[in-house]
Amino acid sequence: MKTINTNLNSINFVAENIPLAQYGINQFQTTAPMSLEQLCSAMSLLLDNHFKRESVLTSPEMTKNYLISKLANYESEVFSCIHLDNQHQVLAYEELFYGTIDGASVYPRDVVKSCLQHNSAAVIFAHNHPSGIADPSQADLSITAKLKQSLALVDIRVLDHIIVGGSNTTSLAEKGLL
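Source: prediction; values computed, not measured. (Residues numbered from 1 in each chain as written. Predicted model: local features only at pLDDT ≥ 70, side-chain atom pairs only at ≥ 80, totals over all residues. Heavy atoms only, no water.)

**A look at the overall build of the protein chain**
- Broken down by element type, the protein chain carries five helices and five strands.
- Starting at the N terminus and walking to the C terminus, you meet the elements of the protein chain as α-α-α-β-β-α-β-α-β-β.
- Counting only residues that meet the buried cut, the protein chain has 37% of its 178 residues in that class.
- Long-range contacts, defined as pairs at least 24 residues apart, comprise 63% of the intrachain contacts of the protein chain with a sequence gap of at least 6.
- As displayed, the protein chain offers around 10000 Å² of accessible surface, 51% of which is attributable to carbon and sulfur atoms. (Helix = DSSP H or I, 4+ residues; strand = E, 2+ residues; numbered from the N terminus. Buried < 20%, exposed > 50% of the residue type's maximum accessible area, 1.4 Å probe, protein only. Contact = heavy atoms within 4.5 Å. Areas by Shrake-Rupley, 256 points an atom, 1.4 Å probe, with all protein chains shown as cover.)

Structure, rendered in structure tokens:
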């Protein structure tokens, strides 16, 4: 993995560490500092690039930190899925459903469809609680059970469902609730 020793608040940092051409960005000004929004977008691209198929989520902490970086700042609930191959290498990260401040509707049919499109062998579900409280609700447990049952029909394993509340997380697998 490449070590980054560059000032994180510069466009040069992005130019040196993210292959921006693949995102349709060919040139940019190197004299102005980045806004917080630009920096967050750049960091998200860096994380996406790091967790491509060659990377393996080798620990629960690594997975939780990745999901915190993706979901913690949303002001409404977002339900997402990390699609994995049979070696648990990341195929894709996908935000599937967007909700309100206290809930998101999740449709098992659409989740199964997405998993089949990505040729997933396993998945890790995640969603945020904008309240900052990472405790699972009864609705969280219920939808997880439905998704697990639906995906079992097509031989896709549900490894975990992680709830992100600010910088805190709860893993249903670690709590024995999966």
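Having seen the structure, we can now continue with the description.
**Let's talk about the sheet that holds strand 2 (residues 90–98)**
- Sheet architecture is open: five strands sit in the order 2-1-3-4-5, paired in mixed fashion. The open sheet is flanked by strand 2 and strand 5 (168–171), the only strands paired with a single partner. Between one strand axis and the next, the sheet turns by 20° as a mean value, whatever way the strands run.
- Pairing analysis gives seven bridges linking strand 1 (residues 78–84) to strand 2, with the strands arranged antiparallel. Bridging across to strand 2, Phe-79 finds its partner in Phe-97. (Pairing = 2+ DSSP bridges. Axes fitted to C-alpha atoms, helices over the stretch in contact; angles between N-to-C directions.)

**Comments concerning the packing of aromatic side chains**
- Under the defined criterion, the tally for this structure stands at five aromatic pairs.
- Ring geometry for Tyr-74 versus Tyr-98: centroids 6.5 Å apart, planes at 70°, classification edge-to-face. Separated by 24 residues along the polypeptide, Tyr-74 in the loop between helix 3 (60–71) and strand 1 and Tyr-98 in strand 2 bring together distant segments of the chain.
- By relative accessible area, which is 30% here, Tyr-74 ends up partly exposed.
- Pairing Phe-79 with Phe-125 gives two aromatic rings, centres 5.4 Å apart and planes at 35°, and the pair type is tilted. Residue Phe-79 is found in strand 1, and its partner Phe-125 is found in strand 3 (residues 122–128); the two are separated by 46 residues along the sequence.
- The exposure class of Phe-125 is buried, given its relative accessible area of 0%.
- Through a chain of ring-to-ring contacts, the aromatic side chains of Phe-79, Phe-97, Tyr-107 and Phe-125 assemble into a single cluster. (Phe/Tyr/Trp six-rings, centres within 6.5 Å; stacked < 30°, edge-to-face > 60°.)

**Digging into helix 5 (residues 138–152)**
- End to end, helix 5 covers 21 Å across 15 residues, agreeing with the expected 21 Å (1.5 Å per residue, within 8%).
- Residues of helix 5 that are buried: Asp-140, Ile-143, Thr-144, Leu-147 and Leu-151. The buried residues of helix 5 occupy an angular sector of 105° when projected down its axis, which confines them to one face. Facing away from the buried side of helix 5 by over 90 degrees, the exposed positions are Gln-138 and Gln-149.
- Buried residues along helix 5 sit against strand 1, helix 4 (108–117), strand 3 and strand 4 (157–165). (Expected span 1.5 Å × (residues − 1). Arc of directions from axis to C-beta.)

**Observations regarding the pattern of salt bridges**
- Under the defined criterion, the tally for this structure stands at two salt bridges.
- Here Glu-61 ties to Lys-64 by a salt bridge, and the two come within 3.8 Å at their closest N and O atoms. With Glu-61 and Lys-64 both in helix 3 and three residues apart, the pair spans about one turn of that helix.
- Among the residues examined, Lys-64 registers a relative accessible area of 8% and is labelled buried.
- When salt bridges that share partners are traced, they join Glu-61, Lys-64 and Glu-174 into one network. (Salt bridge = Lys/Arg side-chain N within 4 Å of Asp/Glu carboxyl O.)

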